[in-house]
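As a plain string of letters, each chain reads:
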Amino acid sequence: MIKKSICRAALFSYFINPLFYCSAVFTIAFVSFRFFLVSKFFVAGLGSSDLRNFFSAIPFASIVTVPLLVFRLRDFVKSDSMPFSPFSKYASLGFSAFCVFLLPVALLFSIPLSVGAFGIVEGGQIATGFAGICLFACASCSLAVFVFSAVQSQSVALIVSFALLFGTNFIDVVPLYLDVGRVLSFLCRKFGFSFAFDSFSKGILDSRSIMFYALSSCLWITLASFFENRRLGKKTSSLTKVLVALILIFVSIGSEKCFFRIDFTKSKLYSVSSTTKNLVAKIDEPLRITYFSSRELLDVYPQADDVLEFLKDISLSSSSISLTVKRISSRDDSQKIAEYGIRGQQVKSDKGTKTEYITVYSAILIQYLDKNSLIPFAASIENLEYDLCQRIRTLVFESGQRVYVVLGNNLSQETRYEFVEPWLTVRGFSVSVLDDLTLIPALDDCSPRDEIVVLGSKSLSAEQCAAIERAVMRGVPAVIATSPYSVDIENDWSISKNPGDNLIPALNSWGFAFAPSLVQDISCVPIVLESADGASEYQTMNYPLWVSALPQDGLSSGGTFFWASPIALYGSSRATISSSAYAWQQDESDSPAFPFVISPFTVQKSAKEAGKENGQFALCATTDSVSGFYQTGKTSARVTVVSGELFVDSVMTGYISSERAGDFRNFDFLVSELLRLSGNSDIALLMEKNGSSKQLFKITDEREFKSARFYVLFIHFALLPALLIGLFVFVQVKRK
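Just so we're clear, the structure is a prediction, and the values are computed from it rather than from any experiment.

**What about the overall build of the protein chain?**
A count of helical and extended segments in the protein chain gives 27 helices and 24 strands. Out of the 736 residues in the protein chain, the part that is buried amounts to 51%. Put simply, 76% of the contacts in the protein chain that link residues at least 6 apart link residues at least 24 apart. When the accessible surface of the protein chain is summed, it comes to about 32600 Å², and 58% of that surface belongs to carbon and sulfur atoms.

**Observations concerning helix H8 (residues 154–170)**
Over its 17 residues, H8 extends 24 Å from the first C-alpha to the last, a length consistent with the 24 Å expected when each residue adds 1.5 Å. Of all the positions in H8, only Gln154, Ala157, Leu158, Ser161, Leu165, Thr168 and Asn169 are classed as buried. The arc that holds the buried residues of H8, viewed along the axis, is 105°, so those residues lie on one side. Tucked into the core, H8 has its buried residues touching helix H3 (52–71), helix H4 (74–77), helix H7 (123–150) and helix H11 (193–202).

**Let's talk about empty space enclosed by the protein**
This structure, assessed with the given rule, holds four cavities of 30 Å³ or more. Considered as a void within the structure, the largest cavity measures approximately 60 Å³ in volume. Lining the largest cavity are Ser483, Tyr485, Ser486, Val487, Ile495, Leu518, Phe562, Trp563, Gly644, Glu645 and Leu646. At three residues, strand E13 (residues 485–488) tops the list of elements feeding residues into the lining of the largest cavity.

**Points about the pattern of salt bridges**
Think of it this way: side chains of opposite charge can pair up when their charged atoms draw near. Scanning the model with the defined rule gives 15 salt bridges in all. The closest approach of N and O atoms between aspartate 587 and lysine 612, which form a salt bridge, is 2.7 Å. In this pair, aspartate 587 sits in strand E22 (residues 583–587) while lysine 612 sits in the loop between helix H23 (607–610) and strand E23 (618–627), placing the two residues 25 residues apart along the sequence. Taking relative accessible area as the criterion, aspartate 587 reaches 42% and is therefore assigned partly exposed. What emerges from the salt-bridge pattern is a single network uniting Asp198, Lys202, Asp206, Arg208, Arg261, Asp306 and Glu309.

**Looking at the sheet that holds strand E7 (residues 362–368)**
Taken in spatial order, the four strands make up an open sheet running E4-E3-E7-E8, and their pairing is mixed. At either end of the open sheet lies a strand with only one pairing partner, and these are strand E4 (321–328) and strand E8 (371–375). Within this sheet the neighbouring strands show an average axis-to-axis angle of 20°, counted without direction. Sheet topology places strand E3 (residues 287–294) next to E7; seven bridges connect them, and they run antiparallel. The partner of serine 293 across the bridge, within E7, is serine 362. Running over the sheet, helix H16 (residues 305–316) touches E3, E4 and E7 and is turned about 155° from E4. Across the face of the sheet, helix H18 (residues 384–397) comes into contact with E3, E7 and E8 while running at roughly 165° to E8.

**Quick notes on the pairing of strand E14 (residues 494–497)**
Within a regular strand, side chains alternate between the sheet's two faces. Note: E13 against E14, four bridges, orientation antiparallel. Its bridge partner being in E14, valine 487 is matched across the sheet by isoleucine 495. Count of turn residues in the E13/E14 antiparallel hairpin: five residues, of which tryptophan 493 carries a positive phi of about 60°.

**Re the sheet that holds strand E12 (residues 478–482)**
The strand order across the open sheet formed by seven strands is E10-E9-E11-E12-E24-E23-E21, and the pairing between neighbours is mixed. Both edges of this open sheet fall to strand E10 (429–434) and strand E21 (574–578), since each of them pairs with a single strand only. When strand polarity is set aside, the average angle formed by the axes of neighbouring strands in this sheet is 20°. As paired elements, strand E11 (residues 451–455) and E12 share four bridges and run parallel to each other. When the sheet's bridge partners are listed, valine 454 is paired in E12 with isoleucine 480. Docked against the sheet, helix H25 (residues 665–677) engages strand E9 (401–407), E10, E11, E12, E21, E23 and strand E24 (634–643), running at close to 170° with respect to E24.

**Some thoughts on the packing of H11 against helix H12 (residues 207–231)**
Closest axis-to-axis distance for the H11/H12 pair is 9 Å, and the angle between their directions is 145°. Viewed along their axes, H11 and H12 form a crossing whose handedness is left-handed. In this structure, H11 uses Phe193, Ala196, Phe197, Ser199 and Phe200 to contact H12, whose residues at the interface are Ser209, Ile210, Phe212, Tyr213, Ser216 and Trp220. Its residues assigned to classes, the contact of H11 with H12 comprises eight nonpolar, three polar and no charged.

**Topic: helix H21 (residues 462–473)**
Taking 1.5 Å of rise per residue, the 12 residues of H21 would be expected to cover 16 Å, and the 16 Å separating its terminal C-alpha atoms lies within 8% of that figure. Counting buried residues along H21, nine of its 12 residues qualify, which places the element largely inside the surrounding structure. All of the buried residues along H21 are Gln464, Cys465, Ala466, Ala467, Ile468, Glu469, Ala471, Val472 and Met473.

**Some thoughts on unusual backbone geometry**
Note on backbone geometry: most residues besides glycine have negative phi, and most peptide bonds are trans. For lysine 40, which is not glycine, the phi torsion reads 55° and is therefore positive. As for its position among the elements, lysine 40 is in the loop between helix H2 (18–38) and H3. Residue classification places lysine 40 among the partly exposed positions, given a relative accessible area of 32%.

**Here we look at the packing of H2 against H3**
Two elements in contact, H2 and H3, have axes whose closest approach is 9 Å; the angle formed by their N-to-C orientations is 160°. Taken together, H2 and H3 sit at an angle that is classed as roughly antiparallel. The chirality of how H2 crosses H3 is right-handed. Residue-level inspection shows Leu19, Phe20, Ser23, Phe26, Thr27, Phe30, Val31, Arg34 and Phe35 of H2 in contact with H3, the latter providing Asn53, Phe54, Ala57, Ile58, Phe60, Ala61, Val64, Thr65, Leu68, Leu69 and Phe71. By residue class, the composition of the contact of H2 with H3 is 15 nonpolar, four polar and one charged.

**Examining the side chain of threonine 653**
Its location among the elements puts threonine 653 in helix H24 (residues 650–656). The exposure class of threonine 653 is buried, given its relative accessible area of 4%. Among all residues touching threonine 653, those that are not within four sequence positions of it are Asp663, Phe664 and Phe667.

**Some thoughts on the pairing of E12**
For E12, a buried count of five out of five residues is recorded, marking the element as mostly surrounded by other parts of the structure. Here E12 shows two buried faces, one formed by Ala478, Ile480 and Thr482 and the other by Val479 and Ala481. In this view, the connection linking E11 to its parallel neighbour E12 by way of H21 has right-handed handedness. Pairing geometry for E12 and E24, over five bridges, is parallel. Bridge assignment links alanine 481 to a residue of E24, and that residue is valine 642.

**A short note on a nonpolar patch on the surface**
Taken together, the side chains of Phe710, Tyr711, Phe714, Leu719 and Leu723 make up a nonpolar region of the molecular surface, amounting to roughly 540 Å² of accessible area. For tyrosine 711, the position within the fold is in helix H27 (residues 702–735).

The rules behind the values
- Residues numbered from 1 in each chain as written.
- Predicted model: local features only at pLDDT ≥ 70, side-chain atom pairs only at ≥ 80, totals over all residues.
- Heavy atoms only, no water.
- Helix = DSSP H or I, 4+ residues; strand = E, 2+ residues; numbered from the N terminus.
- Buried < 20%, exposed > 50% of the residue type's maximum accessible area, 1.4 Å probe, protein only.
- Contact = heavy atoms within 4.5 Å.
- Areas by Shrake-Rupley, 256 points an atom, 1.4 Å probe, with all protein chains shown as cover.
- Expected span 1.5 Å × (residues − 1).
- Arc of directions from axis to C-beta.
- 1 Å grid on protein atoms, 1.4 Å probe; cavity = no way out; pocket = protein on both sides within 12 Å on 5 of 7 lines; lining within 4 Å.
- Points joined across faces, edges and corners; volume = space filled by probe spheres on them.
- Salt bridge = Lys/Arg side-chain N within 4 Å of Asp/Glu carboxyl O.
- Pairing = 2+ DSSP bridges.
- Axes fitted to C-alpha atoms, helices over the stretch in contact; angles between N-to-C directions.
- Left-handed = near helix turned anticlockwise from the far one by under 90°.
- Nonpolar A, V, L, I, M, F, W, Y, C, P; charged D, E, K, R; others polar.
- Parallel < 35°, antiparallel > 145°, perpendicular 65-115°, else oblique.
- Right-handed = clockwise from strand over helix to strand, strands pointing away.
- Patch = residues over 30% accessible without salt bridge, like charges linked within 9 Å, V, L, I, M, F, W, Y side chains within 5 Å.

Shape is all these values report; function is a separate question.
See the structure below:
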């Protein structure tokens, strides 16, 4: 099928022509520009080690480069002197264009290598991404070859190729802007080249996408052969055309009905875990899952397709589970599902010159016997398996958990801890926020099946602290976020020591002591502040007192600790989260008014600058036994202490969140820790299925980061283009 003689001649024509080198340099520069600069890779809080932006940029570059590459083969396309069949001829030419297109793509392997120096890069995503690029390039080159074979004027063919590749890459987003109707909307997604590529860029090998590109390539080469026969006056029988069409149709339908989908992500984000399989295997009675979605959903949230795929997989994992998909297409339908508490989400839709808001649905209703549970809106697969497992556990096994939240620092729930209750509720907990009147009675009545969250402790009375200790010593799990210091973050960020904190002595008795110092770390959160001279300029600087804990066991995505005191451990307590090895301590001064230097402009930025030794300090610790302070005795217990009362503070969450999304990793850690303390570590692991951390955490020193950024940009915008230019010069010199 592929003729070596044609390929050799075509490849030789590429390597002696400057057009190939120009297209290669354009590919490298365009992809590098989109990934590093447009996606703000080097901007603090916005950069990500997720390679989807990298892989998605290559198809956009192909809109320009593939037609130019095939244009170079125009003499071969129209040649009548080749002693080969039209199919072999065009397949060989398409393969040649495919090979030279992949040369700059192969050089771009430097991008994943560069990203790996800043954060975690998943090998599975790299493998499937490059496999998808190969399949995409094969289909794109075949399409361009067909156009050049069918259109007589080569300049017109070049323009048509540009237009068709532009259309196939962007056709799947047309329904976002134009009201094309239900059928055309489906076809736009079905036949869009970039839509089929989406699964590869995520780390999924989907046989349906593989067959789509393979059939597309065969179709375009076959059509080119038909046009060649017609140009040469050779007839292609109607029977042959019908048979080819039927084969393509039947293979296409078969690939949709019988397919495989392999998840190569490290966390198996798109696969049903053994935890879920073991859980649903214990279900005795039928469990019904109904997925309500609107027909416009995929136009707005293309990633919602993963939700349906996952629900199909989980329904196949147990004979007790049935799945029904209901499409919401009218107002009557929406009124009916409102009885279940399902409410749509309004999204902005720009279609043509008209801007409107449409209501889309993506709700999951779980029914078991006479009980219901609802996931009101699921637009992506993130945390979906966890949410399903929690609701199934509650419905089937009645294993729901109640959490009592104690605000022990006089900070308002509405303004400072507003996310805590809704976050825990969405994650499947029943939450009660206690006040001064209900705290002692509620904690005295709670059982080991319940849990306690204490946020701050300076305003708790001795009686209230004794009630917390009694509950802990009865086996009630507790997560306590506190420290000996308070920070006035609503005014001047002044820090003061908490006098007469009644819970700190109890924590000391349990095995947790706070050192009279604050942890500073070069692994920290950068902040943007107005310049110190009062000018209307802003600058970004590292703030070592906001420690950015690196991904570690129990904190897979990292987290942030604000003005944290190191925890000294003794007894059975042990550290669960620590700073980096390049942290140091700022000791409390003798001045009660100014115990620490906390100004971002004057605080020490390194241990060397502070005259301290580097070290690693405990920021969070846990124990499985406590000795009473308010009551005598030692007993088994489940307690986790987090350094800092602002760990899940709403204001601080706003400070560290980016313009794209909120940073709720601390809240996820709180959920995971509550599950772990209650003996549900397997469910807690599902919280980590969002994938490994995508943050750029490996280089924390500011100077080192700038140096690495320079080298990365130099490689991709200077060195690689220079190598291609050098290759062109070398070839030209050798020809002479």
